[in-house]
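# Summary of the model geometry
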Amino acid sequence: MKKLLFLSLLTGFLFVGCKKEDPKTPEEIYSERLDGRWNVVSLNYTASIAFPPLPAIPIVGTSANAGSITFNHAAKTASYDIKFLPNIPAIPGINIDTVRLNGSGTYSNTLTNITLTETNGQLLVFNVVANEANLQLLNTQLNYQLDSTTTVPVTLEMRLGK
């Protein structure tokens, strides 16, 4: 009888001593899933650039192994380094160079987007198309500074893998 009473008392202390953790929100679970370095496995890009008096030239292409995006869940920071050589028709006097897009800052996320507030205060919003443990499909629009006076909006569709 004493053993049964002791076991009942011990069991009661165990239940009292166990603290339930607050359930995580879906957004927190997604942020934890984002944590780490993601490689830009494939990148589809579109843009349009004008060289007056010529009409606007569409730029459309695909690039493989186009850089990386790193998320730090604990600090809620992110950085990106994306690069690709655009597929542009030959234009006399225009040199085609690798496009390099990079930045860093703090991020917040929902299940449908990731908002990166860069260190210069600009916002970059990644729309989440797919969210899996080892695969993220994101799209966004960035501004690429072509020269001192020309900014080109570039739409990116990215397939990220770990």
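The structure we're discussing is the one just above.
I will try to describe carefully the structure that is included in this document.

Reading the values: rules and limits
Residues numbered from 1 in each chain as written. Predicted model: local features only at pLDDT ≥ 70, side-chain atom pairs only at ≥ 80, totals over all residues. Heavy atoms only, no water. Helix = DSSP H or I, 4+ residues; strand = E, 2+ residues; numbered from the N terminus. Buried < 20%, exposed > 50% of the residue type's maximum accessible area, 1.4 Å probe, protein only. Contact = heavy atoms within 4.5 Å. Areas by Shrake-Rupley, 256 points an atom, 1.4 Å probe, with all protein chains shown as cover. Pairing = 2+ DSSP bridges. Phe/Tyr/Trp six-rings, centres within 6.5 Å; stacked < 30°, edge-to-face > 60°. Core = buried A, V, L, I, M, F, W, Y, C linked by side-chain atoms within 4.5 Å. Patch = residues over 30% accessible without salt bridge, like charges linked within 9 Å, V, L, I, M, F, W, Y side chains within 5 Å. Salt bridge = Lys/Arg side-chain N within 4 Å of Asp/Glu carboxyl O. Lys, Arg positive; Asp, Glu negative; His and termini not counted. Charge placed at Lys NZ, Arg CZ, Asp CG, Glu CD. Polar contact = N/O pair within 3.5 Å; in protein donor to acceptor, adjacent residues only side chain to side chain.

## Focus on the overall build of the protein
Along the protein, the regular secondary structure elements total two helices and nine strands. Along the protein, from the amino end to the carboxyl end, the secondary structure elements read α-α-β-β-β-β-β-β-β-β-β. Out of the 162 residues belonging to the protein, those deemed buried represent 31%. Taking the contacts inside the protein whose residues are at least 6 apart along the sequence as the reference set, 49% of them involve residues at least 24 apart. Carbon and sulfur atoms form 58% of the exposed surface of the protein, whose accessible area is close to 10400 Å².

## Regarding the pairing of strand S9 (residues 151-161)
For strand S1 (residues 36-49) and S9, the ladder comprises eight bridges, and the chain directions are antiparallel. Paired with Thr46 across the two strands is Thr155, which belongs to S9. Sheet topology note: the strand S8 (residues 135-145)/S9 ladder contains 11 bridges and is antiparallel. The partner of Gln136 across the bridge, within S9, is Leu160. Counting the residues that bridge the hairpin from S8 to S9 gives five residues.

## Some details on the packing of aromatic side chains
One pass over the structure, following the stated rule, counts two aromatic pairs. Pairing Tyr45 with Phe84 gives two aromatic rings, centres 4.3 Å apart and planes at 25°, and the pair type is stacked. Note that Tyr45 is positioned in strand S1 and Phe84 in strand S4 (residues 77-84), a separation of 39 residues in sequence. Ring geometry for Phe71 against Tyr107: centres 5.2 Å apart, planes inclined by 75°, an arrangement best described as edge-to-face. Taken as a pair, Phe71 in strand S3 (residues 67-72) and Tyr107 in strand S5 (residues 99-109) lie far apart in primary sequence, 36 residues in all. With respect to class, Phe71 is no different from Tyr107; both count as buried.

## So, the nonpolar core
Residues Ile82, Phe84, Leu101, Ile114, Leu156 and Met158 are the most contacted members of the largest nonpolar core, which totals 34 residues. Ranked by residues supplied to this core, first place goes to S1 with six residues.

## Describing a negative patch on the surface
Together, Glu21, Asp22, Glu27 and Glu28 make up a region of like negative charge exposed at the surface. Mapping Glu28 onto the fold places it in helix H2 (residues 26-34). A relative accessible area of 39% places Glu28 in the partly exposed class.

## Some remarks on the environment of Tyr45
According to the relative accessible area criterion, Tyr45 is buried, its value standing at 2%. Between the alpha carbons of Tyr45 and Gly61 there is a distance of 5.5 Å; along the sequence they are 16 residues apart. When neighbours within four sequence positions are excluded, Tyr45 is seen to be in contact with Ile59, Val60, Gly61, Thr62, Ser63, Phe84, Leu85, Pro86, Asn87, Val154, Thr155 and Leu156. A distance of 3.4 Å separates a polar atom in the side chain of Tyr45 from the backbone oxygen of Leu85.

## Some words on the pairing of S8
Sheet analysis places strand S7 (residues 123-132) next to S8, joined by five bridges and oriented antiparallel. If you follow Glu132 over to S8, its bridge partner there is Leu135. Where S7 hands over to S8, the hairpin turn is made up of two residues, counted between the paired strands.

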